[in-house]
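Take a look at the letters that make up each chain.
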Amino acid sequence: MYDRVPPCRSCGGAGLKPFLSLGKTPLADALVSADQLDQVDPAFPLDVAFCPGCALVQILEEVPAERLFVDNYLYFSSFSDHLLRHAREHVDGLVAARGLGPESFVVELASNDGYLLRNFAPHGVRVLGVDPAPDQAAAAREAGVPTVEEFFGVELAKRIRAEHGPADVIIANNVMAHVPALNDFVGGMAELLADDGVITVENPWVKDLVDHGEFDTIYHEHFCYYSCTSVDALVRRHGMYLNHVEYFPDLHGGTLRWHIGKREDISADARRMLAEERAAGVAGFAYYADFADRVEDARSELLTLLDRLKADGASIAAYGAAAKGSTMLNYLGVGTEILDFVVDRNTWKQGKFMPGVHVPIRPVEALLEEQPDYVLVLAWNFLDEILAQQDEYRQRGGRFIRPVPTPEVIP
Ligand code: JHZ
Ligand code: ZN
């Protein structure tokens with residue numbers, strides 16, 4: 001089934017063990033414009049494997065990063081109030097804990113539209129964003145966040161350090177999964193970081209992905225799926241330590257924030273998380289062995305629900321033209337025969353179509369205009385925020401369907 005099994009992106013070891021294939025799917029963020037509808041969207045294999053050497057979970061395919069994050073990237077961080085609040089709290093926490101001020105230098109990797117770094121302005125902290133996505137970098141500059149429009153690695157780290165000095169803080173949220181040349185990226189962070197500085201890295205936790213069946217968060221942009229165990233091995237290779245771990249169960253289906261530094265100072269929380277992963281078996285293949293069957297069951301269950309509603313004459317729309325929504329619809333094979341449209345707040349996505357399945361994307365207001373009977377929440381990670389916004393739709397009898405962890409119509 002797997003014709004090429006590459007070496008591990010972290011430890012370089014051979015012997016990656018594939019455990020899940022989602023078939024061939026189109027690129028999750030490559031939304032389709034009206035004039036491309038008659039073309040067939042390119043699709044690539046989406047196979048997931050475990051590394052027995054360092055416990056890193058990763059996909060086998062490597063679509064060129066330019067194609068993923070420069071050519072067709074419409075993800076803007078600023079469309080979720082929850083995420084904006086989370087970013088502001090992170091900045092305030094760092095400023096307080098590390099006494100950051102005008103003498104400090106903070107770099108964010110994948111700074112997107114400046115949603116996080118702009119929170120440092122009231123504290124007078126010097127900031128620099130790094131993001132290769134042109135529209136997002138332009139939006140960040142507009143918001144007053146200086147941004148280098150390049151991919152990050154050792155070479156860029158050296159240039160930034162030569163020009164601005166070492167970084168007291170490096171922030172990398174939801175980007176370490178996006179990096180094909182992982183050791184160049186982490187090596188770059190080590191190069192740029194001051195000896196007493198801290199790196200904070202956030203990423204969804206692979207244990208939550210597996211335990212809660214969040215298979216839709218697997219797509220070609222996400223090369224890797226992390227545990228504390230695999231992050232610990234990765235940073236040690238670059239002379240750094242995983243010193244502390246925080247857990248945000250409600251962010252993107254379960255997110256960890258790893259604190260990494262050049263001095264070893266391992267907190268009780270970090271030790272506890274590593275021990276918890278050991279006890280759960282996250283560092284062994286057996287943990288992943290039945291995941292494919294569980295994903296297949298989730299697929300049938302959701303398809304059965306949608307087919308039943310449709311057979312009863314219901315109209316169904318979806319919420320969130322998220323990358324994970326693209327995996328979900330393409331893996332299920334659900335298109336316009338089931339879904340009338342998808343709504344999304346992101347104005348860049350409106351007027352386009354979901355990859356592969358070509359369901360049209362409309363503004364959120366379409367829910368009240370059309371009042372579909374059901375709305376499948378593709379951006380289920382923001383369910384609470386969405387439910388709070390959509391009170392009127394629900395008052396009028398509209399119902400939301402949560403696809404993950406198990407398909408459920410929300411009463
Ligand atoms: P969202 C993102 O994945 C992007 P995605 C990225 N690939 C990543 O790594 C993970 O997060 C962690 C919209 N929306 O962010 C905005 C509303 O319309 O969950 C987005 O288009 N109304 C970097 O793309 C989409 O939904 C709202 O009220 O899978 C959510 O996409 C809210 C809150 C969001 O996922
Ligand atoms: Zn490995």
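It should be emphasised that the depicted structure is a prediction, and the values quoted were computed from it without experimental measurement.

Student: Honestly, the sheet that holds strand β16 (residues 399–402) in this entry has me stumped. Any pointers?
Tutor: Where strands meet in a sheet, backbone hydrogen bonds hold them as pairs that are either parallel or antiparallel. Read across the open sheet, the six strands follow the order β14-β13-β12-β15-β16-β17; overall the sheet is mixed. Across the chains shown, the open sheet's two edge strands, defined by having one partner strand only, are β14 (361–362) and β17 (408–409). Examined bridge by bridge, strand β12 (residues 316–319) and strand β15 (residues 374–377) share four bridges and lie parallel to one another. Residue pairing in the sheet places I316 in a bridge with Y374 of β15.

Student: Would you take a moment to explain the domain arrangement of the protein for this structure?
Tutor: When the parts of a complex come together, some accessible area is lost, and that lost area is often used as the size of the interface. You can read the domains of the protein as domain 1 (77–288) and domain 2 (292–410). Inter-centroid distance (C-alpha atoms) of domain 1 to domain 2 is 30 Å. Each side of the interface is counted separately: domain 1 has 18 residues, and domain 2 has 20 residues. The largest share of the area that domain 1 buries against domain 2 comes from F79, F215 and D216, three residues that together contribute 43% of it. Along the contact surface separating domain 1 from domain 2 lie one salt bridge. Between R345 and D81 there is a salt bridge whose closest N-O contact spans 3.6 Å. Elements with a contribution of two residues or more to the side of domain 1 that touches domain 2: α2 (81–98) and α6 (206–211).

Student: How should the coordination of the zinc ion (ligand 2) be read in this particular structure?
Tutor: Ideal coordination angles are 109.5 degrees for a metal with four donors arranged tetrahedrally and 90 or 180 degrees for a metal with six donors arranged octahedrally. Taken together, C8 (SG), C11 (SG), C51 (SG) and C54 (SG) make up the protein donors of the zinc ion (ligand 2), found 2.3 to 2.4 Å from the metal. The site at the zinc ion (ligand 2) holds four donor atoms, and with the angles between them running 100 to 117°, its shape is tetrahedral. Considered as a linear motif, the donors of the zinc ion (ligand 2) on their single chain read C-x2-C-x39-C-x2-C. On the accessibility criterion, C8 (5% relative accessible area) is buried. A relative accessible area of 33% places C11 in the partly exposed class.

Student: Could you clarify how one ought to interpret the sheet that holds strand β10 (residues 241–248) in this entry?
Tutor: Here we have seven strands laid out as an open sheet, ordered β6-β5-β4-β7-β8-β11-β10, and mixed in their pairing. Each having just a single partner strand, β6 (147–148) and β10 make up the two edges of the open sheet. Looking at chain direction, strand β4 (residues 105–109) and strand β7 (residues 167–173) are connected through four bridges and run parallel. Bridge pairing in β7 places L109 opposite A172. In the packing of α2 onto the sheet, the strands contacted are β7, β8 (193–204), β10 and β11 (255–261), and the crossing angle to β8 comes to about 155°. Together, β10 and β11 form the strand contacts of helix α8 (residues 268–280), whose direction differs from that of β10 by roughly 80°.

Student: Is there a simple way to think about the pattern of salt bridges in this case?
Tutor: Two side chains that carry opposite charge are able to pair once their charged atoms sit near each other. Enumeration according to the criterion identifies 17 salt bridges in this entry. Between E150 and R159 there is a salt bridge, with the nearest N and O atoms lying 2.8 Å from each other. Residue E150 is classed as partly exposed on the basis of its relative accessible area, which comes to 28%. With relative accessibility at 37%, the residue R159 sits in the partly exposed group. For R236, the salt bridge is made with D232, and the minimal N-O distance between the two is 3.3 Å. One end of the pair, R236, and the other, D232, are both in helix α7 (residues 228–236), four residues apart, so they sit about a helical turn from each other. Residue class for D232 comes out buried when judged on its relative accessible area of 15%.

Student: Is there a simple way to explain the pairing of β10 in this structure?
Tutor: Successive side chains on a regular strand alternate, one facing one side of the sheet and the next facing the other. As paired elements, β10 and β11 share seven bridges and run antiparallel to each other. If you follow F248 over to β11, its bridge partner there is T255. The antiparallel pairing of β10 with β11 creates a hairpin that spans six residues between the two strands, and H252 there sits at a positive phi of about 50°.

Student: Hey, could you run me through the UniProt feature "domain: Methyltransferase putative zinc binding" (unreviewed entry) in the protein in this one?
Tutor: Under the local residue numbering, the UniProt record ascribes the feature "domain: Methyltransferase putative zinc binding" (unreviewed entry) to residues 8–69. The annotated region residues 8–69 carries 8% helix and 34% strand content, and the separation between its end C-alpha atoms amounts to 22 Å.

Student: Explain helix α5 (residues 182–192) here, please?
Tutor: Since the α-helix advances by 3.6 residues per turn, residues separated by three or four positions end up pointing in the same direction. Extensive coverage of α5 is indicated by the burial of eight of its eleven residues. All of the buried residues in α5 are L182, F185, V186, G187, G188, M189, A190 and L192. The elements touched by buried residues of α5 are β4, α4 (154–164), β7, β8, β9 (224–225) and α7.

Student: What is the right way to look at the site of ligand 1 in this model?
Tutor: Close contacts around ligand 1 come from 23 residues, with D344, R345, K349, N381 and Q389 the closest. A323 places a main-chain nitrogen or oxygen 2.8 Å from an oxygen atom of ligand 1. With respect to ligand 1, the side chain of K324 contributes an N or O atom lying 2.9 Å from an oxygen atom. Burial of ligand 1 by the protein amounts to 97% of the accessible area it has alone, namely 720 Å². For the shell around ligand 1, the elements supplying multiple residues, two or more each, are α10 (323–332) and α12 (383–389). A per-class count over the shell around ligand 1 returns nine nonpolar, eight polar and six charged.

Cut-offs and rules
- Residues numbered from 1 in each chain as written.
- Chains lettered and ligands numbered in written order.
- Predicted model: local features only at pLDDT ≥ 70, side-chain atom pairs only at ≥ 80, totals over all residues.
- Heavy atoms only, no water.
- Pairing = 2+ DSSP bridges.
- Helix = DSSP H or I, 4+ residues; strand = E, 2+ residues; numbered from the N terminus.
- Domains from an automatic or database assignment.
- Contact = heavy atoms within 4.5 Å.
- Buried area = accessible area lost by both parts, 1.4 Å probe.
- Salt bridge = Lys/Arg side-chain N within 4 Å of Asp/Glu carboxyl O.
- Donors = N, O, S within 2.8 Å, 3.2 Å for Na, K, Ca; no water.
- Tetrahedral: all angles 85-135°; square planar, octahedral: opposite > 155°, others 65-115°.
- Buried < 20%, exposed > 50% of the residue type's maximum accessible area, 1.4 Å probe, protein only.
- Axes fitted to C-alpha atoms, helices over the stretch in contact; angles between N-to-C directions.
- UniProt positions renumbered as here; feature names shortened; annotations may be inferred.
- Near = heavy atom within 4 Å.
- Polar contact = N/O pair within 3.5 Å; in protein donor to acceptor, adjacent residues only side chain to side chain.
- Areas by Shrake-Rupley, 256 points an atom, 1.4 Å probe, with all protein chains shown as cover.
- Nonpolar A, V, L, I, M, F, W, Y, C, P; charged D, E, K, R; others polar.

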